[in-house]
Amino acid sequence: MKRYSALSLLAGALTGHRRWSQAWRTPELRKSYDVVLVGAGGHGLATAYYLAKKHGIRNIAILEKGHLGGGSVGRNTQVTRSNYFWPESAAFFDHSLKLYESMSVDLNFNVMLSQRGILTLAHSHHDLEALRRWANAIQVNEIDSELLTPGDVKRIAPLIRMDGRYPVHGGFIQRRGGISRHDAVAWAYARAASALGVDIIQQCEVTGLTIAGNRIRGVETSRGPITTSKLALCVAGHTSVLAAMAGIRVPVNSMTLQAMVSEPIKPCLDTIVLSPIVHMYVSQSDRGEIVLGGGADVYTSYSQRGGVPVLQETVSALTELFPAFSRLRLMRQWAGIVDITPDTTPLMGKTPVEGLYISGGWGTGGYKAIPAGGDTMAHTIANDSPHPLIASFGLDRFASGALIDEGAASGVAH
Amino acid sequence: MMQLPCPYCGVRDEDEFRFGGQSHITRPDLNCSDAEWADYLFCRDNPQGVHFERWLHAFGCGRWFNLARHTVTHEILACYRMGEPKPNVTGDAA
Ligand SMILES: Cc1cc2nc3c(=O)[nH]c(=O)nc-3n(C[C@H](O)[C@H](O)[C@H](O)COP(=O)(O)OP(=O)(O)OC[C@H]3O[C@@H](n4cnc5c(N)ncnc54)[C@H](O)[C@@H]3O)c2cc1C
Ligand SMILES: [Zn+2]
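How each quantity is defined
- Throughout this document, residue positions are counted from 1 along each chain, in the order its sequence is written.
- Each chain gets a letter, beginning with A, and each ligand a number, beginning with 1, in the order they are written.
- Residue-level local features of this predicted model are given only where pLDDT is at least 70; pairs of side-chain atoms are given and counted only at 80 or more, and the full residue set underlies all totals for whole chains, interfaces and linings.
- The basis for the side-chain values is all heavy atoms of the structure; hydrogens and waters are excluded.
- Pairing between strands is defined by DSSP: at least two bridges between the two strands are required.
- Only DSSP runs of H or I with at least four residues qualify as helices, and only runs of E with at least two residues qualify as strands; both kinds are numbered from the N terminus onward.
- Here, two residues are considered to be in contact whenever any of their heavy atoms come within 4.5 Å of each other.
- When two parts are brought into contact, each loses some accessible area as probed by a 1.4 Å sphere; the total of that loss over both is the buried area.
- Here, a salt bridge means any Lys or Arg side-chain nitrogen found within 4 Å of an Asp or Glu carboxyl oxygen.
- Polar contacts here mean pairs of N or O atoms no more than 3.5 Å apart (in protein, one a potential hydrogen donor and the other a potential acceptor; neighbouring residues in sequence count only if both atoms are side-chain atoms).
- Axes, fitted as lines to C-alpha atoms, cover a helix only where it is in contact. Angles between the N-to-C directions of the axes lie from 0 to 180 degrees.
- Coordination partners: N, O, S within 2.8 Å of the metal, 3.2 Å for Na, K and Ca; water not considered, so apparent gaps in a site are possible.
- A four-donor site is called tetrahedral if each angle lies between 85 and 135 degrees; a four-donor site is square planar, and a six-donor site octahedral, when trans pairs exceed 155 degrees and the remaining angles lie between 65 and 115; all other cases are labelled irregular.
- Burial here depends on accessible area, computed with a 1.4 Å probe over protein chains only, as a share of the maximum for the residue type. Under 20% is buried, over 50% is exposed, and the range in between is partly exposed.
- We treat Lys and Arg as the positive residues and Asp and Glu as the negative residues; His and chain ends play no part in the count.
- When describing relative orientation, an angle under 35 degrees is termed roughly parallel and one over 145 degrees roughly antiparallel, while 65 to 115 degrees is termed roughly perpendicular and anything else oblique.
- The hand of a helix crossing depends on one turn: near helix anticlockwise from the far one by less than a right angle means left-handed, and clockwise means right-handed.
- Polar here means any residue outside two lists: the nonpolar Ala, Val, Leu, Ile, Met, Phe, Trp, Tyr, Cys and Pro, and the charged Asp, Glu, Lys and Arg; Gly therefore counts as polar.
- Each domain's extent is set by a domain assignment, obtained either automatically or from a database.
- A cutoff of 4 Å decides nearness: a residue is near a molecule or strand if any of its heavy atoms lies inside that distance of it.
- All accessible-area figures derive from a Shrake-Rupley calculation using a 1.4 Å probe, and residue coverage is judged against the displayed protein chains alone.

This part covers the sheet that holds strand β11 (residues 226-227) of chain A. All names here are of chain A. Spatially, 3 strands are ordered β9-β10-β11 in an open sheet, and the strand pairing comes out antiparallel. Both outer strands of the open sheet, β9 (206-212) and β11, are each paired with one neighbouring strand and no more. When strand β10 (residues 215-221) meets β11, the two strands line up antiparallel, connected through 2 bridges. Residue pairing for β11: glycine 218 is matched across the bridge by threonine 227.

Bringing the interface of chain A and chain B into the picture now. Contact with chain A, which involves 22 residues of that partner, is made by 23 residues of chain B. In terms of surface lost to chain B, no three residues of chain A exceed Arg249, Tyr299 and Tyr302 of chain A, which account for 34% of the buried area on that side. The tally of links between chain A and chain B comes to 2 salt bridges. Notably, a salt bridge pairs aspartate 39 of chain B with arginine 249 of chain A, separated by 2.9 Å at the nearest N-O pair. The interface formed by chain A and chain B includes 12 residue pairs in polar contact (both at pLDDT 80 or more). Within the residue set of the side of chain A that touches chain B, elements represented by two or more residues are α7 (239-244), β13 (253-262), β17 (297-300), α8 (308-321) and α10 (397-400) of chain A.

To continue, consider the sheet that holds strand β1 (residues 35-38) of chain A. All names here are of chain A. Within the open sheet, the 6 strands sit side by side as β8-β2-β1-β12-β20-β19. Their pairing is mixed. Every interior strand has two partners, whereas the edge strands, β8 (199-201) and β19 (347-350), have only one. Going from strand to strand, the sheet's axes swing by 15° on average, the running direction of each strand aside. Bridging between β1 and strand β12 (residues 230-233) involves 4 bridges; their strand directions are parallel. Residue pairing in the sheet places valine 36 in a bridge with leucine 231 of β12. Most of the contacts of helix α2 (residues 42-55) go to strand β2 (residues 60-63), to which it runs at about 175°, and overall it touches β1, β2, β8 and β20 (356-360).

Around a metal, the idealised angle for a tetrahedral arrangement of four donor atoms is 109.5 degrees; for an octahedral arrangement of six donor atoms it is 90 or 180 degrees. All names here are of chain B. Within the protein, the zinc ion (ligand 2) binds to Cys6 (SG), Cys9 (SG), His57 (ND1) and Cys61 (SG); these donor distances fall in the range 2.0 to 2.3 Å. Viewed at the metal, the 4 donor atoms of the zinc ion (ligand 2) are separated by angles of 104 to 120°, and the geometry they form is tetrahedral. Taken in sequence order, the residues that donate to the zinc ion (ligand 2) follow the motif C-x2-C-x47-H-x3-C. Linking cysteine 6 in strand β1 (residues 3-6) with cysteine 61 in the loop between β4 (50-56) and β5 (64-70), this pair joins segments that are 55 residues apart in sequence.

This part takes up the environment of phenylalanine 59 of chain B. All names here are of chain B. Here phenylalanine 59 is to be found in the loop between β4 and β5. The sequence separation of phenylalanine 59 and arginine 12 amounts to 47 residues, and the corresponding C-alpha distance is 10.0 Å. Not counting chain neighbours up to four residues away, the residues in contact with phenylalanine 59 comprise Asp15 and Glu16.

Bringing the side chain of lysine 230 of chain A into the picture now. Residue and element names in this part refer to chain A. Looking at the secondary structure, you find lysine 230 in strand β12. Within the buried core, lysine 230 has no salt-bridge partner, and the shortest N-O distance to an opposite charge, that of aspartate 384, equals 5.5 Å. At a separation of 2.6 Å, a polar atom in the side chain of lysine 230 contacts the main-chain carbonyl oxygen of isoleucine 381. The residues touching lysine 230, leaving out its near neighbours within four places in the chain, are Asp34, Val35, Val36, Ile216, Gly355, Tyr357, Ile381, Ala382 and Asp384.

Residues and elements named next belong to chain A. Orientation of α2 relative to helix α9 (residues 370-383), taken along the N-to-C sense of each, is 55°, at an axis distance of 7 Å. Relative to α9, the element α2 lies oblique. As for the relative orientation of α2 and α9, their crossing is right-handed in sense. For the pair α2 and α9, the contacting residues are Gly42, His43, Ala46, Thr47, Tyr50, Leu51, Lys54 and His55 in the first and Ile370, Pro371, Gly373, Gly374, Asp375, Met377, Ala378, His379, Ile381, Ala382 and Asn383 in the second. A class-by-class count of the residues in the contact of α2 with α9 yields 9 nonpolar, 8 polar and 2 charged.

Moving on, we get to the domain arrangement of chain A. Residues and elements named next belong to chain A. In terms of domains, chain A is made up of domain 1 (28-78 + 182-251 + 343-400) and domain 2 (114-178 + 253-340). Distance from the C-alpha centre of domain 1 to the C-alpha centre of domain 2: 30 Å. Of the roughly 1300 Å² buried between domain 1 and domain 2 on both sides combined, carbon and sulfur atoms contribute 51%. Counting the surface domain 1 buries against domain 2, the share from its top three residues, Arg75, Thr77 and Gly237, is 44%. Put simply, domain 1 and domain 2 have 10 residue pairs in polar contact (both at pLDDT 80 or more) between them. With 3 residues, the single largest contributor to the side of domain 1 that touches domain 2 is α7. Classifying every residue of the side of domain 1 that touches domain 2 by side-chain character gives 4 nonpolar, 12 polar and 1 charged.

Attention shifts here to the site of ligand 1. Residue and element names in this part refer to chain A. Around ligand 1 sit 38 residues, and of these Gly42, Glu64, Val73, Thr77 and Lys368 come closest. Contact distances for ligand 1 include 2.9 Å between an oxygen atom and a backbone N or O atom of serine 72. In this structure, an oxygen atom belonging to ligand 1 sits 3.2 Å away from a main-chain N or O atom of glycine 363. Contact with the protein chains hides 97% of the accessible area of ligand 1, taken as 1000 Å² for the molecule alone. Taken together, the elements giving at least two residues each to the shell around ligand 1 come down to α2, β13 and β18 (330-340). Here the shell around ligand 1 spans two domains, since at least three of its residues come from each of domain 1 (28-78 + 182-251 + 343-400) and domain 2 (114-178 + 253-340).

Have a look at this one:
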């Protein structure tokens, strides 16, 4: 792997950008691997990297039916934060945020992390009470959160209308929250994993799992069978489809989540603003576009196309809260498939089939989880035992009743 | 905009309706195991293909009904009343 540096950038520029080498290899598919990961999204790529880097397992294939980064990892709104309510989620997501904080250096790839803060709004006295409780829980979890008065909110985001249809009664901010460049995160892990020997195989769809004696033996793919004794499903929105190939039912609903961007304008919003009540969140990209998202389209769907009603709701919530944005034109709108669990906590760990692991249930918030998801999944696969941080995220929590109900506790989970 | 056929009112825009999840779920015997009960409470079919599901015509007649809808194309393959059996439809998996 050629290291990137200021000097290599300069050399690249001086040679007209004709001399850059490929960031990752395009290997031939082999017949057998120690570990096979299905899905080259953020979680598949990060899991491969940590398996190779921390556990010395390098004979790994990542099988991707489309192209690397073409799933939700390249469709999300890039929000990273760790302001969760329950201690289990807080510990996991703060581990992730810390890994984001060092990712550009660790992976020698600028992922453009910008810790501009995530500001959550309260629109009524009752909202404010709920936010107080939430912000307090975050502090008890030893994570930064600050309650804000309406005056503070106005200072941080002057374009917000304070006394409109959704009056602002205050809010709270996690200053370490932020955004980063999602393609760069996928590419950074792909490049680093490939350099350690991981084979990233694109255009290779997994069509069946080979199981004998309750053990994983291999996979059927559109490019022929492969044998392996360890396999992890890192397919996010398709978790139910792949788990069904092993006869496993998972408590997941696949839905559409959409996002949209406006035309670019001058810098005017330097934080992420989120309103759980009107279900809208917004930030401004480095290119100047206003990036916004809202709730999921509320029916089961694998279409990857968002419907008009949610788009309208999201845009009208934005223009109500930021009247200045009402003149902007939307440039693009798109959607991804999100795999939502009943408690909105991820679904990670072992399955009833030996050697088969699941990393899913990422729902609307799995981008921020990529480094921790990869790190803990790699540990789980290497040791055939769940990493302590995800011990309570297993499939068994539904029968035992030990849910981690972030959905009820902290609402919108992007 | 998806348009859904209400068996009582006819075709209307999707934003008149509320989604009610999978149809035809039957509660297991109360002596069942915790795993069966968890499956009943939390696991749904979630197919990439034809889905049998309930809808409420919330901003219309206010009545529930069933649809068979393809989850990739959103094509409506059948519309039938509550209590009627699952129709025999198969969509070409997209
Ligand atoms: C519009 C939108 C906004 C979002 N905003 C945020 C946000 O701000 N913050 C946040 O934390 N999260 C956000 N999310 C959620 C986040 O993007 C996802 O939870 C996360 O990316 C999922 O993990 P992944 O990257 O591994 O999945 P993906 O990138 O979807 O990877 C899964 C891969 O599996 C492949 N695959 C599927 N089936 C097969 C098969 N049979 N064989 C081979 N390969 C297969 C797919 O092609 C895909 O590439 C958002 C999602 C969307 C759609
Ligand atoms: Zn009706």
